[in-house]
Amino acid sequence: MNLKAAYFAMRLCLILLFLLPFGRATLPLVINTWEFQHAADAAWRALQAGGSVMDAVEKGCSRCEAEQCDGSVGFGGHPDERGETTLDAMIMNGNTMEVGAVGDLRRIKNAISVARAVMEHTEHTLLVGESASQFAENMGFTAEDLTTNNSISVFTQWLKDNCQPNNRKNVSPDPSKYCGPYKPGPTLKHRRRREIDIHAHDTIGMVVIGRDGQIAAGTSTNGANYKVPGRVGDSPIAGAGSYVESAAGGAAATGNGDVMMRFLPSYLAVELMRIGTEPSTACETAISRIKRHNPGFFGAIICANSTGHYGAACNKIPGFTRFPFVVYNSQTNTPLLQSVDCF
Ligand SMILES: *[C@@H]1O[C@H](CO)[C@@H](O)[C@H](O)[C@H]1NC(C)=O
Ligand SMILES: *[C@@H]1O[C@H](CO)[C@@H](O)[C@H](O)[C@H]1NC(C)=O
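For clarity, every value in this text was computed on a predicted model and none was experimentally measured.

**Q** Tell me about the side chain of D202, residues and numbers included.
**A** Note that D202 resides in the loop between β6 (182–184) and β7 (204–209). At 12 Å, R231 is the nearest oppositely charged side chain to D202, a buried residue that forms no salt bridge.

**Q** Which residues make up the state of the cysteines, and what values do they have?
**A** Tallying each qualifying case throughout the model produces four disulfides. Shown here is the disulfide that connects C283 with C303, its sulfur atoms set 2.2 Å apart. One disulfide, between C283 and C303, carries an S-S torsion of 125° and so falls in the right-handed class. Of this pair, C283 sits in helix α9 (residues 279–293) while C303 sits in strand β11 (residues 299–305), and the two are 20 residues apart along the sequence. The exposure classification of C283 matches that of C303, with both residues buried. Between the sulfur of C314 and that of C342 lies a disulfide, 1.8 Å long from S to S. Given an S-S torsion of about -100°, the disulfide between C314 and C342 has left-handed geometry.

**Q** How would you sum up the sheet that holds strand β10 (residues 249–255)? Please name residues and give values.
**A** Here we have four strands laid out as an open sheet, ordered β9-β10-β11-β12, and antiparallel in their pairing. With partners counted over all chains shown, the strands left at the sheet margins are β9 (242–245) and β12 (310–314), one partner each. Looking at each pair of strands side by side, their axes are set apart by 10° on average, direction ignored. Judged from the five bridges that link them, β11 and β12 form a sheet pairing that is antiparallel. The partner of C303 across the bridge, within β12, is G311. Where helix α8 (residues 265–274) meets the sheet, it contacts β9, β10 and β11, and its direction lies at approximately 150° from that of β10.

**Q** Talk me through the nonpolar core; I want residue IDs and the actual numbers.
**A** Core analysis: the biggest nonpolar cluster contains 88 residues, and V30, I31, V102, V208, I301, F323 and F325 have the highest contact counts within it. At seven residues, helix α4 (residues 111–121) tops the list of elements feeding residues into this core. The next biggest cluster of nonpolar side chains, apart from the first, holds six residues, and it includes F155, W158, V171 and Y182.

**Q** Mind laying out unusual backbone geometry, listing which residues take part and the relevant values?
**A** With omega at 0°, the peptide bond leading from L27 into P28 counts as cis. Mapped onto the secondary structure, P28 falls in the loop between α1 (3–19) and β1 (29–33). In this structure, the amide linkage connecting G180 to the following residue, P181, adopts the cis form with an omega of 5°. As for its position among the elements, P181 is in the loop between β5 (171–173) and β6. One non-glycine residue, W34, lies in positive phi territory at about 60°. Locating W34 in the fold gives a position in the loop between β1 and α2 (37–48). Residue classification places W34 among the buried positions, given a relative accessible area of 1%. Even without a glycine there, the phi angle at M97 is positive, about 65°. Relative to the elements of secondary structure, M97 occurs in the loop between β2 (87–93) and β3 (99–105). Of the residues examined, M97 reaches a relative accessible area of 30% and is grouped as partly exposed.

Rules and cut-offs
Residues numbered from 1 in each chain as written. Chains lettered and ligands numbered in written order. Predicted model: local features only at pLDDT ≥ 70, side-chain atom pairs only at ≥ 80, totals over all residues. Heavy atoms only, no water. Helix = DSSP H or I, 4+ residues; strand = E, 2+ residues; numbered from the N terminus. Buried < 20%, exposed > 50% of the residue type's maximum accessible area, 1.4 Å probe, protein only. Lys, Arg positive; Asp, Glu negative; His and termini not counted. Salt bridge = Lys/Arg side-chain N within 4 Å of Asp/Glu carboxyl O. Disulfide = S-S within 2.5 Å. Pairing = 2+ DSSP bridges. Axes fitted to C-alpha atoms, helices over the stretch in contact; angles between N-to-C directions. Contact = heavy atoms within 4.5 Å. Core = buried A, V, L, I, M, F, W, Y, C linked by side-chain atoms within 4.5 Å.

Okay, here's the thing in structure tokens:
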């Protein structure tokens, strides 16, 4: 081949490369919410090492729990009204439709692995609170304090700001102290306007599709800042935090879980992909359904169908216009950061 022909061939290759559609499908596929590239990398490595899609989801989410991704996954983040960090997580197997989940888990760092233990060592789907922690300890997980200097200082600052009961409504505190206990009554006059803090709602949500088409999904989070103790969000709820069926696809959501869990957005997206809706449209419809009733909610979702095509969608709220997510397949060849315009 002469130089001119080689140059022409190179140009042609470049043009073809640009024509590749967004969301081009190859299997296996790892996709997860936010900029959590290390999580996608850990999941990919688990697959390369011969692990199952369940192993990949567990490894990927565990990585975020250990790294305290954005302070909103794992220990030391988002203290509740008592200053304690508690964790929510779930994992789902799209071949068997088994789910394991934990909510309001105390003192155990590796929530996604406890969720998997619930699936593999009980007949149950969801364990919560102190009893979930006892189960975890019996299964050999280490109990340790989830508090860090950072979570203490976040909590201390909140107390200094008179607690602004961010997650309560129509309550009055004990008149002698601002910080509760709260009783039904008129809302505090001096209560500061509730800020929309995007990163108070980050969750790692991950979908992994194996070469053989098996799909698994999982989530892990430490929930919302200053939550009312006992609060469990959308993350450990099948169909809300994530959902998967190998024949149809998988989805995982992040955002204001208290609102999102009422709409089962992951379930809706998977059902739409089952009837052939393309992943980005399925994601958009799941978000629109919530938006219809809650125009100002913050939330986003990732979707992948059974052939490995993927998409994402998010609700546009002031100060937030694009939602980042990470994709790792043989096409990206790396945990590639992507993003979608919110609508
Ligand atoms: C946390 O704070 C304590 C006391 O202020 C200090 O001794 C300790 O080194 C801090 N730990 C970390 C991990 O920064
Ligand atoms: C997955 O989505 C892509 C892109 O929309 C579509 O071409 C493909 O047929 C879908 N796969 C299935 C199994 O529905």
